[in-house]
Amino acid sequence: MHREPEASLVGEEYEVEVGPVAHGGHCIARTEEGQVLFVRHALPGERVVVRVTEGETGARFLRADAVRVLDASKDRVEAPCPFSGPGRCGGCDWQHAAPGAQRRLKAEVITEQLRRLAGLTPEQAGWDGTVEPAPGDKVARGEVPAWRTRVQYAVDEQGRPGLRRHRSHEVEPVDHCLIAAPGVTELGIEKREWPQIETVEAIAATGSSDRQVVLTPRPGGRLPIVELDRPVSVLRTAESRGRDRVRLVHRVHGRPFVRERAAGRTWRVGEGGFWQVHPKAADLLVEAVMQGLMPRKGQTALDLYCGVGLFAGALAERVGDEGAVLGIESSKRAVEDARHNLQDFDRVRIEHGKVEQVLPRTGITEADLIVLDPPRSGAGKETVTRLAGMGARRIAYVACDPAALARDLTYFAAAGYTPRRMRAFDLFPVTHHVECVMILEPQRENGSPGGPELLA
């Protein structure tokens with residue numbers, strides 16, 4: 001059977017009525033022919049002219065930008081960032097939405113993902129339907145908070161720093177990123193040229209004066225002499241040789257780590273390692289997790305995907321010398337940091353490796369409490385089923401993606417665990433990202449497991 005070749009629709013314009021928000025920083029619309037459009041720079045209920053940026057005839061959906069607003073939403077504001085808009089910087093999704101509207105849009109996305117993927121209403125998920133702003137992030141209409149303590153600048157061929165355009169490797173040069181935290185902005189990275197450099201990652205620690213830049217040279221490129229507006233340590237990345245190429249980070253000068261402050265402790269985070277990018281995030285998430293779990297003296301706990309040990313440390317303080325905590329983390333450097341950060345707790349053990357591989361090898365079959373903070377893809381059916389079989393009194397699931405959370409909730413439900421309470425936090429203002437903390441418990445009381453074997 002002969003099929004006509006599909007023609008590109010990139011550049012085509014349509015006048016459309018904008019429908020509901022969807023996961024990913026866009027809204028849904030349809031062409032007159034019924035083809036689905038994922039539209040950025042629009043808001044629900046608006047009438048706009050869109051220009052197709054990706055897609056062809058016969059495609060399941062098209063991607064498009066709203067290039068003219070014919071009938072604006074009351075929630076629309078003029079984007080405060082001069083680098084935002086169709087074809088420009090892709091770092092923010094909702095510059096054109098009032099702050100309260102952004103949180104409502106995120107709440108609608110969470111609600112839709114829970115309903116569609118987990119079959120849950122907000123009430124069934126134990127959620128009041130709101131997305132909570134972080135302390136200090138309530139700003140006036142048309143303003144954005146400066147919250148991002150870690151910014152990776154891309155560098156164009158002329159050595160100018162900027163940020164990637166949406167779904168593109170092209171660089172949008174910027175002279176000031178509005179969402180960058182003051183500690184990042186004060187380094188002056190945007191005011192300098194970076195010849196022979198591909199990316200510059202800037203890190204401004206919370207609770208200490210530590211500042212760090214991580215440079216990735218272009219292939220064959222040389223490092224420049226780094227002179228910034230504040231004292232800073234410098235690292236560089238390189239790829240390992242051999243079949244399995246991994247990103248290596250080497251110290252050029254200064255400390256190979258920064259010191260973060262959260263939950264009443266100082267945390268060493270080495271070589272550009274993971275830490276929450278919002279300065280209030282670590283404290284907020286620890287508080288939400290501990291309030292949900294209510295750890296007691298003598299209990300045993302697991303901290304999975306534990307990073308540098310943030311939740312493990314909070315658990316260890318609460319379960320005391322008679323309790324025990326096991327953390328599992330796949331990053332070797334993060335494991336070293338976690339062991340350093342928690343060395344004063346005799347009853348904490350940190351294991352290196354992937355959770356799905358390490359957890360079965362430990363022989364642990366019981367735990368009182370479990371925290372998991374998996375990557376964006378979620379924990380998956382196999383891991384969830386294993387965790388549910390441990391009879392934990394409560395499980396705290398920290399999720400950076402509501403779709404992955406909803407999928408994993410179906411696996412928990414099949415294994416006998418049900419939502420007790422959920423909170424959602426706007427820890428990535430002006431973007432589509434949102435953080436959730438879900439507390440689960442058995443559908444019926446399973447008793448209180450022991451767990452001295454955690455440290456056996």
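In this text the structure is predicted, and so the values were computed from the model without any measurement. (Residues numbered from 1 in each chain as written. Predicted model: local features only at pLDDT ≥ 70, side-chain atom pairs only at ≥ 80, totals over all residues. Heavy atoms only, no water.)

### Side note on the overall build of the protein
Test applied: Strands here are runs of E lasting at least two residues and helices are runs of H or I lasting at least four, both read from the DSSP assignment and numbered beginning at the N terminus. Two things to know: the radius of gyration comes from C-alpha atoms, and the globule rule equals 2.2 Å times the number of residues to the power 0.38. Per-residue accessibility, obtained with a 1.4 Å probe over protein chains only, is compared with the maximum for each type, and a residue is labelled buried under 20%, exposed over 50%, and partly exposed between these values. Positive residues here are Lys and Arg, negative ones are Asp and Glu, while His and the chain termini are left out of the count. One atom stands in for each charge, and that atom is NZ of Lys, CZ of Arg, CG of Asp or CD of Glu.
Assigned secondary structure in the protein consists of eight helices and 23 strands. Here the C-alpha atoms of the protein give a radius of gyration of 23 Å, agreeing with the 23 Å that 2.2 N^0.38 yields for 456 residues. Projected onto the principal axes, the alpha-carbon positions of the protein cover approximately 65 × 55 × 55 Å. Taking all 456 residues of the protein together, 54% fall into the buried category. For the protein, the separation between the mean place of its 62 positive charges and that of its 64 negative charges on side chains is 3 Å.

### Digging into the pairing of strand β12 (residues 211-217)
Rules: Should DSSP find at least two bridges between two strands, the strands are regarded as paired.
Across the seven residues that make up β12, a large majority, seven, are buried. Across the two faces of β12 the burial is the same, with R211, V213, L215 and P217 and Q212, V214 and T216 all buried. As paired strands, strand β11 (residues 197-204) and β12 are joined by seven bridges and run antiparallel to one another. Bridging across to β12, T199 finds its partner in T216.

### Looking at unusual backbone geometry
Positive phi, normally seen in glycine, also occurs at H41, with a value near 65°. Examined against the element boundaries, H41 turns out to sit in the loop between β4 (36-40) and β5 (47-54). What makes H41 buried here is its relative accessible area of 10%. Within the chain, R167 stands out as a residue other than glycine whose phi angle is a positive 50°.

### Quick look at the environment of E13
What counts, and what does not: Contacts are assigned to residue pairs that have any heavy atoms within 4.5 Å of one another. In the analysis that follows, any N or O atom pair within 3.5 Å is treated as a polar contact, provided that within protein one partner can donate a hydrogen and the other can accept it, and provided that, for residues neighboring in sequence, both atoms belong to side chains.
For E13, the location among the structural elements is in strand β1 (residues 13-17). Look at E13 and you get partly exposed, because its relative accessible area is 34%. Considering only alpha carbons, one finds E13 and H278, 265 residues apart in sequence, at a separation of 38 Å. E13 has contacts with V49, V50, R51, V67 and R68, leaving out every residue within four places of it along the chain. Among the polar contacts listed, one links the side chain of E13 to the side chain of R51, at a separation of 2.8 Å.

### Points about the layout of surface pockets
Here is the rule: We place a 1 Å grid over just the protein atoms. Points where a 1.4 Å probe fits but has no way out form a cavity, open points with protein on both sides within 12 Å along at least 5 of 7 lines form a pocket, and any residue with an atom within 4 Å of a point lines it. Grid points are joined across faces, edges and corners, and a volume is the space filled by probe spheres set on the points.
In this structure, the second largest pocket occupies an estimated 280 Å³ of space. Along the wall of the second largest pocket there are 18 residues; nearest its centre are T53, E54, D65, H166 and R167. Looking at the lining of the second largest pocket, the elements with two or more residues in it are β4, β5 and β6 (61-71). The element best represented in the lining of the second largest pocket is β6, accounting for three residues.

### Some words on the confidence of the model for the protein
Counted only if it meets this: Each residue carries a pLDDT score, the predictor's confidence in it, ranging from 0 to 100.
Averaged over every residue, the pLDDT of the protein is 94; residues scoring 70 or more account for 95%. Contacts for the low-pLDDT stretch residues 446-453, under 50 throughout, to residues beyond four places or in other chains number 17 contacts.

### Notes on the packing of aromatic side chains
Our working rule: Between rings of Phe, Tyr and Trp, where Trp is taken as its six-membered ring, a pair exists when centres lie within 6.5 Å; planes separated by under 30 degrees are stacked, by over 60 edge-to-face, and by other angles tilted.
Overall, the coordinates contain five aromatic pairs when judged by the stated rule. Measuring from ring centre to ring centre gives 6.4 Å for W267 and W275, while their planes differ by 40°; the resulting arrangement is tilted. For W267, a relative accessible area of 0% puts it in the buried group. On the basis of relative accessibility, which here comes to 7%, the residue W275 falls in the buried class. Note on Y397 and F412: the rings are 6.5 Å apart at their centroids and 75° apart in plane angle, and the pair reads as edge-to-face. Residue Y397 is located in strand β21 (residues 394-399), and its partner F412 is located in helix α8 (residues 402-414); the two are separated by 15 residues in the primary sequence. Each member of the pair, Y397 together with F412, is buried.

### What about the sheet that holds strand β8 (residues 150-155)?
Rules: Angles shown run from 0 to 180 degrees and are taken between the N-to-C directions of axes, each axis being a line fitted to C-alpha atoms and, for helices, limited to the stretch in contact.
Read from one edge to the other, the open sheet built from seven strands follows the order β10-β9-β8-β11-β12-β13-β14, with strand pairing classed as mixed. In this open sheet, the two edge strands, each paired with only one partner strand, are β10 (171-173) and β14 (247-253). On average, adjacent strands in this sheet sit at an angle of 35° to one another, irrespective of strand direction. Strand direction decides the pairing type here: β8 and β11, joined by five bridges, are antiparallel. For A154, the partnering residue across the bridge sits in β11 and is T199.

### What about the sheet that holds β1?
The pairing of strands in a sheet comes from backbone hydrogen bonds and takes either a parallel or an antiparallel form. A sheet is described by the order of its strands in space; here six strands give the open sequence β1-β5-β6-β4-β3-β2, paired in mixed fashion. Every interior strand has two partners, whereas the edge strands, β1 and β2 (21-22), have only one.

### Thoughts on the pattern of salt bridges
Stated formally: What counts as a salt bridge is simple: a side-chain nitrogen of Lys or Arg found within 4 Å of a carboxyl oxygen of Asp or Glu.
On inspection of all chains with the given rule, the structure shows 35 salt bridges. The residue E15 makes a salt bridge to R47 at a minimum N-O spacing of 3.0 Å. Pair noted here: E15 is in strand β1 and R47 is in strand β5, with a separation of 32 residues, a long-range link. Its salt-bridge partner being R88, residue E172 comes within 2.6 Å of it at the nearest N-O pair. Here E172, found in strand β10, pairs with R88, found in the loop between β6 and α1 (99-118); they are 84 residues apart in sequence, far enough to count as distant. Look at E172 and you get buried, because its relative accessible area is 5%. One salt-bridge network, held together by shared partners, links R268, E271, R333, E336 and D337.

### Thoughts on the packing of α1 against α8
Packed helix pairs are specified by the crossing angle of their axes together with the interaxial distance, meaning the distance between the axes. This is how it is decided: An angle below 35 degrees is read as roughly parallel, one above 145 as roughly antiparallel, one from 65 to 115 as roughly perpendicular, and any other as oblique. Two helices that cross are described as forming a left-handed crossing if the nearer one is turned anticlockwise from the farther one by less than a right angle, and a right-handed crossing if clockwise. Put simply, Ala, Val, Leu, Ile, Met, Phe, Trp, Tyr, Cys and Pro go in the nonpolar bin, Asp, Glu, Lys and Arg in the charged bin, and everything else, Gly too, in the polar bin.
For the pair α1 and α8, interaxial distance at closest approach is 8 Å and the crossing angle is 30°. When the interaxial angle is binned, α1 and α8 end up roughly parallel. Of the two elements, α1 crosses α8, and the hand of that crossing is right-handed. Contacts between α1 and α8 pair V109, I110, Q113, L114, L117 and A118 from the former with P402, A403, A406, R407, L409 and T410 from the latter. For the contact of α1 with α8, a count of residues per class yields nine nonpolar, two polar and one charged.

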